[in-house]
Amino acid sequence: KAGVTQTPRYLIKTRGQQVTLSCSPISGHRSVSWYQQTPGQGLQFLFEYFSETQRNKGNFPGRFSGRQFSNSRSEMNVSTLELGDSALYLCASSLMTGEGAEAFFGQGTRLTVV
Amino acid sequence: EDQVTQSPEALRLQEGESSSLNCSYTVSGLRGLFWYRQDPGKGPEFLFTLYSAGEEKEKERLKATLTKKESFLHITAPKPEDSATYLCAVFTSGTYKYIFGTGTRLKVLA
């Protein structure tokens with residue numbers, strides 16, 4: 001069974017640009033969550049999507065947005081990039097939402113903003 | 001406010017030297033406590049889920065336990081390949097999201 005796939009693995013962007021990250025969940029999983037991981041803050045929850053609807057949102061500015069498609073694949077977009085957005089962005093998929101089910105992570109996208 | 005605290009931040013062990021990692025939590029309505037292992041540059045790898053106080057789970061040299069206020073990850077006779085960051089997370093009915101601790105960086109020396 002294939003795991004969670006995130007693309008691209010690495011990205012270098014310039015301040016002010018925008019970026020789109022992609023996540024393909026485990027087959028059959030309908031919940032996709034996104035996290036930002038930095039050395040100082042650890043894993044911070046961005047948002048969760050289930051059946052194409054955003055179910056929960058963390059404390060991030062509106063520059064961070066996402067969406068989910070009918071096949072459960074998800075994308076995350078960050079507009080007007082700032083240096084502080086440099087981080088490992090992780091996607092996790094779960095079978096259901098709101099049930100405390102196990103979340104399985106992808107390898108992440110390492111974003112560097114210069 | 002829901003909170004998860006892991007200790008110690010870093011731990012160095014000799015191969016074969018058993019120890020425990022701690023995850024203490026203050027949450028409303030715990031729906032599950034999760035342990036993950038993360039290697040540098042990779043995503044967290046799922047290890048265990050614990051749902052109620054008194055529950056224990058084992059996998060190879062790892063054993064996770066849960067009380068009403070904390071969870072322990074016991075590592076018995078660790079090997080160098082157990083070196084990683086171990087993350088604890090809770091899922092609560094109050095926030096309906098996973099809240100992660102900052103992790104314990106474990107280094108096992110041969």
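This is a predicted model, so every value here is computed, not measured.

Scoring rules and cut-offs
Residues numbered from 1 in each chain as written. Chains lettered and ligands numbered in written order. Predicted model: local features only at pLDDT ≥ 70, side-chain atom pairs only at ≥ 80, totals over all residues. Heavy atoms only, no water. Salt bridge = Lys/Arg side-chain N within 4 Å of Asp/Glu carboxyl O. Helix = DSSP H or I, 4+ residues; strand = E, 2+ residues; numbered from the N terminus. Buried < 20%, exposed > 50% of the residue type's maximum accessible area, 1.4 Å probe, protein only. Disulfide = S-S within 2.5 Å. Contact = heavy atoms within 4.5 Å. Buried area = accessible area lost by both parts, 1.4 Å probe. Polar contact = N/O pair within 3.5 Å; in protein donor to acceptor, adjacent residues only side chain to side chain. Nonpolar A, V, L, I, M, F, W, Y, C, P; charged D, E, K, R; others polar. Pairing = 2+ DSSP bridges. Axes fitted to C-alpha atoms, helices over the stretch in contact; angles between N-to-C directions. Core = buried A, V, L, I, M, F, W, Y, C linked by side-chain atoms within 4.5 Å.

Just give me the short version of the pattern of salt bridges, but keep the residues and values in it.
Residue and element names in this part refer to chain A. Counting across every chain of the model gives 8 salt bridges over all chains. In this structure, the salt-bridge partner of glutamate 82 is arginine 63, at a minimum N-O distance of 3.6 Å. Taken together, the residues span a long stretch of sequence, with glutamate 82 in the loop between strand S8 (74–78) and strand S9 (87–94) and arginine 63 in the loop between strand S6 (53–57) and strand S7 (64–68) at a distance of 19 residues. Note that glutamate 75 and arginine 67 form a salt bridge whose closest N and O atoms lie 3.2 Å from each other. What makes arginine 67 partly exposed here is its relative accessible area of 46%. One connected set of salt bridges, linked through shared partners, spans Arg63, Glu82 and Asp85.

If you had to explain the state of the cysteines to someone new, which residues and values would you point to?
This model, assessed by the stated rule, comprises 2 disulfides over all chains. The side chain of Cys23(A) participates in a disulfide bridge whose partner is Cys91(A); the two sulfur atoms lie 1.7 Å from each other. Measuring handedness by torsion sign, the sulfur bridge of Cys23(A) and Cys91(A) sits at about -45° and is left-handed. On the criterion of sequence distance, the pair formed by Cys23(A) in strand S3 (residues 19–24) and Cys91(A) in strand S9 is long-range, its members being 68 residues apart. For the pair formed by Cys23(A) and Cys91(A), the shared burial category is buried. Between Cys23(B) and Cys88(B) runs a disulfide, and the two sulfur atoms are separated by 1.9 Å. Between Cys23(B) and Cys88(B), the S-S dihedral sits near -50°, and the bridge is therefore left-handed. One end of the pair, Cys23(B), is in strand S3 (residues 19–26); the other, Cys88(B), is in strand S9 (residues 84–92), with 65 residues separating them in the sequence. The two residues Cys23(B) and Cys88(B) agree in class, both being buried.

Describe in detail the interface of chain A and chain B, supporting the description with residues and values.
Contacts between the two partners involve 22 residues from chain A, matched on the other side by 18 residues from chain B. Summing both partners gives a buried area of about 1700 Å² for chain A against chain B, and 51% of it is carried by carbon and sulfur. Of all residues in chain A, Leu43(A), Gly100(A) and Glu102(A) bury the most surface against chain B, accounting for 26% of the area lost on that side. For the pair chain A and chain B, the interface holds 0 salt bridges. Applying the counting rule to chain A against chain B returns 4 residue pairs in polar contact (both at pLDDT 80 or more). Listed by contribution, the elements that provide at least two residues to the side of chain A that touches chain B are strand S4 (31–38), strand S5 (42–50), S6, S9 and strand S10 (104–105) of chain A. In terms of residue class, the side of chain A that touches chain B is made up of 9 nonpolar, 8 polar and 5 charged.

Describe the sheet that holds S3(A), naming the residues involved and giving the relevant values.
Residue and element names in this part refer to chain A. Pairing in this open sheet of 4 strands is antiparallel, and the strands run S1-S3-S8-S7 from one edge to the other. Since the sheet does not close on itself, it has two edges, and those belong to strand S1 (5–7) and S7, each with one partner. In this sheet, adjacent strand axes meet at a mean angle of 20° when their direction is disregarded.

Please set out the nonpolar core residue by residue, giving values where relevant.
Ranked by internal contacts, the top residues of the largest apolar core, which has 23 residues, are Leu33(B), Trp35(B), Leu73(B) and Tyr86(B). Among the elements of the structure, strand S2 (10–14), S3, strand S4 (30–38), strand S5 (45–50), strand S7 (62–66), strand S8 (70–75), S9 and strand S11 (104–109) of chain B are those that each provide at least two residues to this core. Beyond its immediate stretch of four places on either side in the chain, Leu33(B) contacts Cys23(B), Tyr25(B), Phe48(B), Thr49(B), Leu50(B), Leu66(B), Ser71(B), Cys88(B), Ala89(B) and Val90(B). The next biggest cluster of nonpolar side chains, apart from the first, holds 21 residues, and it includes Leu11(A), Cys23(A), Trp34(A) and Met76(A).

Can you explain unusual backbone geometry? Please cite residues and give values.
The residue after Thr7(A), namely Pro8(A), is reached through a cis peptide bond having omega -10°. Within the secondary structure, Pro8(A) is located in the loop between S1 and strand S2 (10–13). Cis rather than trans, the peptide bond between Ser7(B) and Pro8(B) has omega equal to -10°. With phi around 50°, Ser51(A) is a residue other than glycine that occupies positive phi space. The residue Ser51(A) is located in the loop between S5 and S6 in this model.

How would you explain the sheet that holds S8(B) if you had to name every residue and give the values?
All names here are of chain B. If you trace the 5 strands from one edge of the open sheet to the other, you get S1-S3-S8-S7-S6, paired in antiparallel fashion. At either margin of the open sheet sits one strand with a lone partner, and together these are strand S1 (3–7) and strand S6 (56–59). Each adjacent strand pair in this sheet contributes to an overall mean axis angle of 15°, direction not counted. Across 4 bridges, the pairing between S6 and S7 is antiparallel. Bridge assignment links lysine 59 to a residue of S7, and that residue is leucine 62.

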